[in-house]
Amino acid sequence: MIDSFNRNITYLRLSVTELCNLRCRYCMPEEGICKKRHEDMLTQEEMLQAVHVCAALGIRKVRVTGGEPLVKPNIVSLCREIAAIEGIDELCLTTNGTLLAPMADQLKQAGVDRLNISLDTLDEQKYRMITRGGELAEARNGIRAALDAGFLKIKINAVLIGGFNTDEIASLANLTRQYPMDVRFIELMPMVDNRNFGPDAYVPNTIVLEKLPELEPIPVDGGVAKLYRLPGALGEIGLISPVSAHFCAECNRIRITADGKVKPCLHSSDEISIKGLDETGMFTKIKSAILKKPQWHGELSYYERSHARRSMNQIGG
Ligand code: SAM
Ligand code: SF4
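Now for a description of the structure that goes with this document. Fair warning: this is a prediction, and the values are worked out from it, not measured in the lab.

1. A few points about the site of ligand 2
All residues in the neighbourhood of ligand 2 are listed as C20, L22, R23, C24, C27, M28, G67 and N96. Here the shell around ligand 2 is built from residues that sort into five nonpolar, two polar and one charged.

Structure representation (structure tokens):
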């Protein structure tokens, strides 16, 4: 469906849970979040109905996200049912990878086409620090299992944080030389609740180009990512720059949260509830949400925070 600014909305990010087994410092408060009442969250049937409605409105790609989608019971069957919905051509899933190893095969069989796996550092101490207790070895096992399961074009998502991992840009990028995977550097986004990062943490993605002058631009449309390749590498490097160079004019996505709110824009406070609605009700609300999608998300910086009223685990990234 075409929105009010002539953008074709074809991509749904569906957050299936707010819960997570990690507590990444840029995403979630240390104490976690107040668990909402079960009856306030979308049921599996409501999620599937919402995807049906989205497909009728022109959505072709769905990304399952969270929280950590792999902590959700029945995630495999949910993926299988989404993949079977008419009109959905591509099903992707974003995960921190730590629970992936025993599930990678099942997700592939269920019809998940692509995986994005978040990994900000290759150092186990730093991994523990940024995730507040996660084990790097588990994420690495997950990545290996995804490769073994035959997932193609796996994307590693690394949030770039000044003073934390800018010294690892080359080693993270080198993963594309060792494995048939892409690495995407994502600028840290200033959510209201991640004030534990000072202004220096917000580094523009141009630092990747400074550190890796050998990167060759790939002249194709990478969606929201600008694409590059290290000479001879198997995979691509993507730069996603929501802060330094917003891509709102090309934004083709809407989001649905686990508690049933359609978010036309990640950084806006607008939320349209679809919880408890029948198919017709959902159709009307999701259509109106697409028409309400703003032209852009406004300035973002350490000083100009996101207007989203939620932490990232409650949105889905
Ligand atoms: N738990 C899964 C994971 O970590 O991949 C999926 C949900 S997570 C919210 C989705 C993505 O959002 C992850 O790649 C994460 O690194 C990213 N993210 C979370 N908070 C962010 C922030 N403040 N700025 C930039 N990216 C962020
Ligand atoms: Fe959990 Fe993903 Fe947020 Fe980290 S980024 S706390 S893994 S939801």
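2. Some details on the side chain of N96
Position of N96 relative to the elements: it lies in the loop between β3 (90–95) and α3 (104–110). The buried category is assigned to N96, whose relative accessible area is 8%. A polar side-chain atom of N96 sits 3.0 Å from a polar atom in the side chain of N21. Once you skip the residues sitting within four places of it in the chain, N96 turns out to touch C20, N21, L22, E68, I117, S118, Y127 and A139.

3. Describing the pairing of β3
Of all the six residues making up β3, five are buried; the element is thus mostly covered by neighbouring parts of the structure. Where strand β2 (residues 61–65) and β3 come together, four bridges link them in parallel fashion. Bridging from a neighbouring strand, K61 pairs with E90 of β3. Between the parallel elements β2 and β3, the chain passes through helix α2 (residues 75–83) in a crossover that is right-handed. Looking at chain direction, β3 and strand β4 (residues 114–118) are connected through four bridges and run parallel.

4. Regarding the pairing of strand β8 (residues 226–229)
In the sheet, strand β7 (residues 216–217) pairs with β8 via two bridges, with the strands oriented antiparallel. Bridge assignment links E216 to a residue of β8, and that residue is R229. Sheet topology note: the β8/strand β9 (residues 237–240) ladder contains three bridges and is antiparallel. Paired with K226 across the bridge in β9 is L239.

5. A word on unusual backbone geometry
One non-glycine residue with positive phi stands out, namely R132, at about 55 degrees. With respect to the helices, strands and loops of the structure, R132 is situated in the loop between α4 (124–131) and α5 (136–148). Backbone geometry at K153 places phi at a positive 55 degrees, although glycine is not the residue there. With a relative accessible area of 34%, K153 lands in the partly exposed category.

6. Overview of α2
Those residues of α2 lying buried are I75, V76, L78, C79 and I82. With its buried residues spanning 160 degrees around the axis, α2 presents them on a single face. Buried residues along α2 sit against β1 (11–15), α1 (44–56), β2, β3 and α3.

7. Thoughts on the layout of surface pockets
Quantified by volume, the second largest pocket comes out at close to 430 Å³. For the second largest pocket, the lining is made up of 19 residues, of which V16, T17, H38, M41 and K72 are closest to its centre. Residues of the lining of the second largest pocket, tallied by class, amount to ten nonpolar, five polar and four charged.

8. Remarks on α1
Between the first and last C-alpha of α1 there are 19 Å, a value that for 13 residues agrees with the 18 Å anticipated at 1.5 Å per step. Among the residues of α1, those classed as buried are Q44, E46, M47, L48, A50, V51, V53, C54 and A55. Those residues of α1 hidden inside the fold are in contact with β1, β2, α2, β10 (253–256) and α9 (279–291). At the C-terminal side of α1, G58 shows a positive phi close to 105 degrees.

9. As for the packing of α1 against α9
The angle between the axes and the distance between the axes are what describe a pair of packed helices. Orientation of α1 relative to α9, taken along the N-to-C sense of each, is 55 degrees, at an axis distance of 9 Å. As judged from the angle between their axes, α1 and α9 are oblique. Between α1 and α9 lies a crossing of right-handed hand. Facing E46, Q49, A50, V53, C54 and A56 of α1, the residues of α9 in contact are E279, M282, F283 and I286. Split by residue class, the contact of α1 with α9 holds seven nonpolar, one polar and two charged.

10. Let's talk about the environment of G316
Topologically, G316 is positioned in the segment after α9. Taking C-alpha positions, G316 is 17 Å from S241, a pair spaced 75 residues apart along the chain. If near-sequence neighbours (up to four positions away) are discounted, G316 is found in contact with R13, S15, T65 and G66.

Scoring rules and cut-offs
- Residues numbered from 1 in each chain as written.
- Chains lettered and ligands numbered in written order.
- Predicted model: local features only at pLDDT ≥ 70, side-chain atom pairs only at ≥ 80, totals over all residues.
- Heavy atoms only, no water.
- Near = heavy atom within 4 Å.
- Nonpolar A, V, L, I, M, F, W, Y, C, P; charged D, E, K, R; others polar.
- Helix = DSSP H or I, 4+ residues; strand = E, 2+ residues; numbered from the N terminus.
- Buried < 20%, exposed > 50% of the residue type's maximum accessible area, 1.4 Å probe, protein only.
- Polar contact = N/O pair within 3.5 Å; in protein donor to acceptor, adjacent residues only side chain to side chain.
- Contact = heavy atoms within 4.5 Å.
- Pairing = 2+ DSSP bridges.
- Right-handed = clockwise from strand over helix to strand, strands pointing away.
- Arc of directions from axis to C-beta.
- 1 Å grid on protein atoms, 1.4 Å probe; cavity = no way out; pocket = protein on both sides within 12 Å on 5 of 7 lines; lining within 4 Å.
- Points joined across faces, edges and corners; volume = space filled by probe spheres on them.
- Expected span 1.5 Å × (residues − 1).
- Axes fitted to C-alpha atoms, helices over the stretch in contact; angles between N-to-C directions.
- Parallel < 35°, antiparallel > 145°, perpendicular 65-115°, else oblique.
- Left-handed = near helix turned anticlockwise from the far one by under 90°.

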